[in-house]
Each structure stands twice: as structure tokens, then as C-alpha cells.
Amino acid sequence: DSGVTQTPKHLITATGQRVTLRCSPRSGDLSVYWYQQSLDQGLQFLIQYYNGEERAKGNILERFSAQQFPDLHSELNLSSLELGDSALYFCASSPVGDRYDTEAFFGQGTRLTVV
Amino acid sequence: AQKVTQAQTEISVVEKEDVTLDCVYETRDTTYYLFWYKQPPSGELVFLIRRNSFDEQNEISGRYSWNFQKSTSSFNFTITASQVVDSAVYFCALSEPYNNNDMRFGAGTRLTVKP
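Residues numbered from 1 in each chain as written. Chains lettered and ligands numbered in written order. Predicted model: local features only at pLDDT ≥ 70, side-chain atom pairs only at ≥ 80, totals over all residues. Heavy atoms only, no water.

S.K.: Before we go on, may I ask you to explain the pattern of salt bridges in this structure?
M.R.: Where charged atoms of side chains with opposite charge meet at close range, the side chains can pair. Under the defined criterion, the tally for this structure stands at 7 salt bridges over all chains. One salt bridge connects R26 of chain A with D29 of chain A, and the closest N-O pair in it is separated by 2.8 Å. For R26 of chain A, a relative accessible area of 23% gives the class partly exposed. We classify D29 of chain A as buried; its relative accessible area is 3%. Where D86 of chain B meets R63 of chain B, a salt bridge forms, and the shortest distance between an N and an O atom there is 2.8 Å. Placement of the pair is D86 of chain B in the loop between β9 (74-79) and β10 (88-95) and R63 of chain B in the loop between β7 (59-61) and β8 (64-69), with a sequence separation of 23 residues. Overlapping salt bridges, with partners in common, bring together R63, E82 and D85 of chain A in one network. (Salt bridge = Lys/Arg side-chain N within 4 Å of Asp/Glu carboxyl O. Buried < 20%, exposed > 50% of the residue type's maximum accessible area, 1.4 Å probe, protein only. Helix = DSSP H or I, 4+ residues; strand = E, 2+ residues; numbered from the N terminus.)

And the structure:
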């Protein structure tokens, strides 16, 4: 158990809808990262928050947004969903903001299916 | 641009065989970190090892060993006396400072260990 909790584990929704994925980082970790894992794109970094502030952005679509709350949990909002958004979404956490030299600990992921 | 290549898409071995998973990376930086993660069928990404670019010592942890060679830009992972529980997808990843905190993952190698 990595200590990172993601809910829900599975989500099925229709195209055009909006969903929210939730992540609770490990106790004491200030950084939260979101990744998307799909068959064709592999593991793609989406966005990082550090202590409530956006720290880094990767290949995140404009239809997607995230935030980190004062208690350090984070939410990833996906809107106007398309079939291609079906993927496994991971949250990871680490103690620090500059993660290049620190391993991140991953949650079990939320499997999103858009029908 | 950084890039991680795991040329082996799938490997199948019989229990107790040794197996090596290859990872080749590209980077222009002299400072970087390499990682291996395991993704078992349960889906969670499990951290295995972190190695910085200035430490070329090979590492052994139980049945796992890692061979880092800067001359060939490779960071290979060997499992000795493989077990069925080693069946998983293994990801190699590269992280650089000043690169937007984007931990770049390889496509992964699916290892199946048959009894």
C-alpha cells in the first residue's frame, strides 16, 4: 500500500459529461501529480500541484483541470468527455516540489470508461 | 528532448529463469534520475529503484539487480530466479531537473512468468 488513495476506482460515464477524480496523498507529502495511462499514449504526465499551487503542466487538455485543497487532497476534473478520454488516471505524491530526484508514490488509479 | 525506450513489449519466461528488461534513455543533461516501477495486475505503480546519473554502481536487492551504463545510456533490470509473482508490467522512467517535473516513462515491458 503506497498510502495514496484514489476514488473512485472505476467510473463509467457518457460522452459530453463531466467527472471528478479525487486523490489523497501520503501523509506529509506536499506534491500531487496526475498521470493518464492509455494504451496508445502510455503514461503521460498531466499536471502537478505543490502545497496548493500549480507547479508544472504536462500534456493536459484544456477540457481538464485540477486543484489542490488546503488539506492537500487533489481533484482532477474532466469535462466534455470524449471516447478517447477512456484511460486509467493515476495520482502520485511526493514530499517535495522538485520531483526529479525523488520517487513518487502512486495510487491504484481510477479507471474511466467513456461510452 | 528526453526519451525512454523499452524495446521489449512482452517477455514470457518460465519460473526460476533469469530475465533482463532493457531500458535505453536519451537526454542532453548531465544530471538526471532514472527509475523503475512495477505495475502488477492490481494496477498500482510500485516504486522499485531510483538512480542518479552520477552513480554508476550496480545495485542488487534480493533477486533484483540493476545495471546502469552511461556509455550506452542504458539502465537494465534483471530478475534472478523469476517467480510467478513477478508477472507485471515494468516501467523505466527518466527525470531531469528544470524539465517541468515531467517524469518521462517508457512504454513498459509486460513480463509473464509461467509456473
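Back to the text.
S.K.: What's the story with the pairing of strand β4 (residues 31-38) of chain A in this structure? I'm lost.
M.R.: Regular strands have side chains that alternate between both faces of the sheet. Residues and elements named next belong to chain A. Burial runs high along β4: 8 of the 8 residues are buried. Judged from the 8 bridges that link them, β4 and strand β5 (residues 42-50) form a sheet pairing that is antiparallel. Bridge assignment links Q36 to a residue of β5, and that residue is Q44. Linking β4 back to β5 in an antiparallel pair, the connection comprises 3 residues. Bridging between β4 and strand β9 (residues 87-94) involves 7 bridges; their strand directions are antiparallel. (Pairing = 2+ DSSP bridges.)

S.K.: Help me understand the interface of chain B and chain A, please; the structure alone is not making it clear to me.
M.R.: Each partner contributes to the interface: chain B provides 19 residues, whereas chain A provides 24 residues. Buried surface at the junction of chain B and chain A, both sides included, amounts to about 1,900 Å², of which 53% is carbon and sulfur. Counting across the interface, chain B meets chain A through 1 salt bridge. Of the charged contacts in the structure, one is a salt bridge between R50 of chain B and E103 of chain A, with a shortest N-O distance of 2.7 Å. Our enumeration of links across chain B and chain A arrives at 3 residue pairs in polar contact (both at pLDDT 80 or more). Contributions of two or more residues to the side of chain B that touches chain A are made by β5 (33-39), β6 (46-52) and β10 of chain B. Per-element accounting of the side of chain B that touches chain A gives the leading share, 4 residues, to β5 of chain B. Taken together, the residues of the side of chain B that touches chain A sort by class into 9 nonpolar, 6 polar and 4 charged. (Contact = heavy atoms within 4.5 Å. Buried area = accessible area lost by both parts, 1.4 Å probe. Polar contact = N/O pair within 3.5 Å; in protein donor to acceptor, adjacent residues only side chain to side chain. Nonpolar A, V, L, I, M, F, W, Y, C, P; charged D, E, K, R; others polar.)

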